[in-house]
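The primary structure of each chain is shown beneath.
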Amino acid sequence: MSHHPGSAGPHPLLDRVLTSDGSLPFALLRRHGGTEVEVLTGDVVDADLLRDIPLDGAPVLAVVPYRQARERGFTVHDDGAPLRCLVVRESERVALPDALAALPPEPVAAEPLGFDTPDDEYAGIVRRVIDDEIGQGAGANFVVMRSFEARTDAAPVPTLTSWFRALLTHEVGSYWTFAVHVPGPGAPLALAGATPERHLTLRDGVARMNPISGTYRHPASGPTREGVLDFLRDTKENEELFMVVDEEMKMMSALCPDGGRIVGPYLKQMARLSHTEYLLEGRTAVDPREALRLTMFAPTVTGSPMENACTVIARHETRPRGYYSGFLALFEPDGASGGYSLDAPILIRTAYLHDGGRVTVPAGATLVRHSVPEHEVAETRAKAAGVLSSLGLVPRGAAPDAVVDLNAQEGVAEALAVRNGQLAEFWVRPQDTAVAAPEPSSLTGRDVLVVDHEDQFTTMLAHQLGHLGMNARVVRWDAVDDVLAADLVVLGPGPGDPRDHDDPRIAAVTRRIHERVAAGRPLLAVCLSHQVLAGLAGFPVRPLPAPRQGVRLDADVLGTTAAVGYYNTFGAYVTTLAADNPVARLALEPSVDADGVLTALHGPGVASVQGHLESVLSADGIAVLERLVRHVLEVPDGVGRGALGVR
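Note that the structure is a prediction, hence the values are computed from the model and not measured.

Student: Just checking my understanding: could you explain the packing of aromatic side chains for this structure?
Tutor: Think of a pair of aromatic rings as described by two things: how far the centres are apart, and how the planes are tilted against each other in angle. In total, this model carries 8 aromatic pairs according to the counting rule given. Measuring from ring centre to ring centre gives 5.3 Å for Phe-297 and Phe-327, while their planes differ by 50°; the resulting arrangement is tilted. Residue Phe-297 is found in the loop between helix H7 (288-294) and strand E14 (303-304), and its partner Phe-327 is found in strand E15 (residues 327-334); the two are separated by 30 residues along the sequence. For Phe-297, a relative accessible area of 1% translates into the label buried. A relative accessible area of 1% means that Phe-327 is categorised as buried. Members of the aromatic cluster, each reached through a chain of ring pairs, are Tyr-66, Phe-297 and Phe-327. The side chain of Lys-250 reaches across the aromatic face of Phe-457, ending 4.0 Å from its centre. A cation sits over an aromatic face here: Arg-542 above Tyr-573, 3.7 Å from the ring centre.

Shown next, in the form of structure tokens:
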């Protein structure tokens, strides 16, 4: 971006921003690790769809609301929040000390009003989500928002710029610190924040995502070695992170032809909280606007599986989200490629200034099967507190005499490294190695139809099938026109109750099982589809005593112990089979775990598996997948890239 050549003062553009009457659109950015503040001004353009963001050679900063999830057909409370773009016409960079000296010295006066959803009401929502959603198979985790509210009589520009200075001064570890003011049709859009999380970057053909999950709330006296080690050993916090990594790897598999690679984990330390995170990376040539569409929105602020998470959010949040869980997206011309690079942080830890001086600071907690409602209430308070304390809306408290560098503490690096012992090597090693052309085998070139039942684990399945040399394509369940043509059909996972045959997805799974079986065509069913198959074969299906969402188990699969990741609330159980339907007559042989739950079924030309072989938790996943595929296709065993040796 070009430097503004103005003549007044050393930082003319920043001076213009600070003295503006509110009519000048601007953005102030300090990006990760930066020693400068970027000052941007230009023209304001609203777009309807992400593909309409105007990339005409100038840099563009887009503010993307949560309602854009409708582009993917997802359910949202549509508040009409605009997808607003600042097309940059002038810019300058200001050294951080100079910017701090120029910005208003203190946050403006504001009256705190408290959370819009009281603590006891939010705790009740948490209980309902655990019982009625996770407990009924709707998904593995969900993020529910509430907002802290305040009001101020100060004008927008001094409010935003003083907030920006306070966040620069009092928050640490942010990916972006920013203030954005973009007047446009209707109310102006005004926000300032210090977000810890990158959503997506694209540069030089490399896509990177940065799932962050798990929260260590620092005590008032400051973080401690013992506290962070307890956090790193916590089962709930570990599983929470792996769930979001799985969900973002689904996105990477859709975005990057060669899939994604997992790097990390890392510990991100901020002023009041610390989080664990991974970095995911892969290569792509997708237009950055389409890349954003494919990855709406981060599971760390919505849940998984993504489509049903949006439905669950709409059921339990009574207010539209506005821009919470959306993202900023900075598109910059890339002279080398002639295209655009992208840097898109998630809109969390952000304060919004509305008409009439109303201030909101949204925050959400990730709810999983182990969640304790009172702890999730405290987590939303802690997440909001970093922004609120910086802005003077809650007491800052006394700063510890010395801030402990948690990453430097003895045992922290080792505790982080232990997590990778649970990950599948397939997703950890570089993808240019993982997806090298497989040696020709009896699987090479086979056509596979992977049917998606609203869970994009199917993109990871298709990627692994491609690694085995097969030609896999993913088709949504309601768009399949021919279930018999493909050499192999893989009926994928999805949310819901497998016994509910009034659900159109369950009815479709049932119909396609019967069609493939009647035609004698090879069939593999995964998770939800495995449960439907088991039910048709006469095995009783019922809720598990406790959901297995984001759990890795060592269990029997086809007579061999395999480490596989599970995401199921329901299970099929062993029983004596009736022989009064075509599926039961297949004489399916079950594999069973220690609790009597079916882990797999196999018979002539048919197999199913309860676990997610494609999950990052499935250390033996690719090997088991190859065995199952060879079984249903009735081709001989071979030592290919997938045959890594099941334990």
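Student: Even after reading the chapter, I still don't get the pairing of strand E16 (residues 339-345), so can you show me in this structure?
Tutor: Consecutive side chains of a regular strand alternate in pointing toward one face of the sheet and then the other. Counted residue by residue, E16 has 6 buried out of 7 residues, so it is predominantly covered. Relative to E16, strand E9 (residues 198-203) runs antiparallel, the two sharing 4 bridges. In the strand pairing of E16, Leu-200 is matched with Ala-344. Both E15 and E16 contribute to a ladder of 5 bridges, which runs antiparallel. Residue Pro-333 lies in a different strand from E16, and its bridge partner there is Tyr-340. Between E15 and E16, which pair antiparallel one after the other, the connecting turn spans 4 residues, and Gly-338 there sits at a positive phi close to 80°.

Student: Looking at this structure, how should I read the sheet that holds strand E27 (residues 606-609)?
Tutor: Strands pair in a sheet through their backbones, by hydrogen bonds, and they do so in one of two ways: parallel or antiparallel. Read across the open sheet, the 7 strands follow the order E20-E19-E21-E22-E27-E26-E25; overall the sheet is mixed. Two strands bound the open sheet, and with one partner strand each, they are strand E20 (471-476) and strand E25 (589-592). In this sheet, adjacent strand axes meet at a mean angle of 15° when their direction is disregarded. Both strand E19 (residues 447-452) and strand E21 (residues 488-491) contribute to a ladder of 4 bridges, which runs parallel. Paired with Leu-449 across the bridge in E21 is Val-489. Strands in contact with helix H16 (residues 621-633) are E21, strand E22 (523-526), strand E26 (598-603) and E27; relative to E27, the strand with the most contacts, it is inclined by about 155°.

Student: How should I be thinking about the side chain of Thr-201 in this particular structure?
Tutor: Following the sequence through the fold, Thr-201 ends up in strand E9. Residue classification places Thr-201 among the buried positions, given a relative accessible area of 10%. One polar contact links Thr-201 to Arg-198, side chain to side chain, over a distance of 3.0 Å. If we skip the residues at most four places from it in the chain, Thr-201 touches Tyr-175, Val-206, Ala-207, Arg-208, Leu-342 and Asp-343.

Conventions used here
Counting from 1, residues in each chain are numbered in the order their sequence is written. Reporting of local features is limited, given that this is a predicted model, to residues whose pLDDT is at least 70; pairs of side-chain atoms are given and counted only at 80 or more, and all residues count toward the totals for whole chains, interfaces and linings. Side-chain numbers come from the whole structure's heavy atoms, not from hydrogens or water. The pairing test for Phe, Tyr and Trp rings, Trp by its six-membered ring, is centres within 6.5 Å, and the orientation test on the planes gives stacked under 30 degrees, edge-to-face over 60, and tilted for anything in between. A helix here means a DSSP run of H or I that spans at least four residues, while a strand means a run of E at least two residues long, and both kinds are numbered starting from the N terminus. Per-residue accessibility, obtained with a 1.4 Å probe over protein chains only, is compared with the maximum for each type, and a residue is labelled buried under 20%, exposed over 50%, and partly exposed between these values. Whether a charge lies above a ring is judged from NZ of Lys or CZ of Arg, which has to be within 6 Å of the ring centre and within 35 degrees of the ring normal. Here, any two strands with at least 2 DSSP bridges between them count as paired. For helices, the fitted line uses only the C-alpha atoms of the stretch in contact; every axis is such a line through C-alpha atoms, and the angle between N-to-C directions lies from 0 to 180 degrees. We call two residues in contact when some of their heavy atoms are within 4.5 Å. Any pair of nitrogen or oxygen atoms within 3.5 Å is treated as a polar contact; in protein, a donor-acceptor pairing is required on top of that, and neighbouring residues in sequence qualify only through side-chain atoms on both sides.

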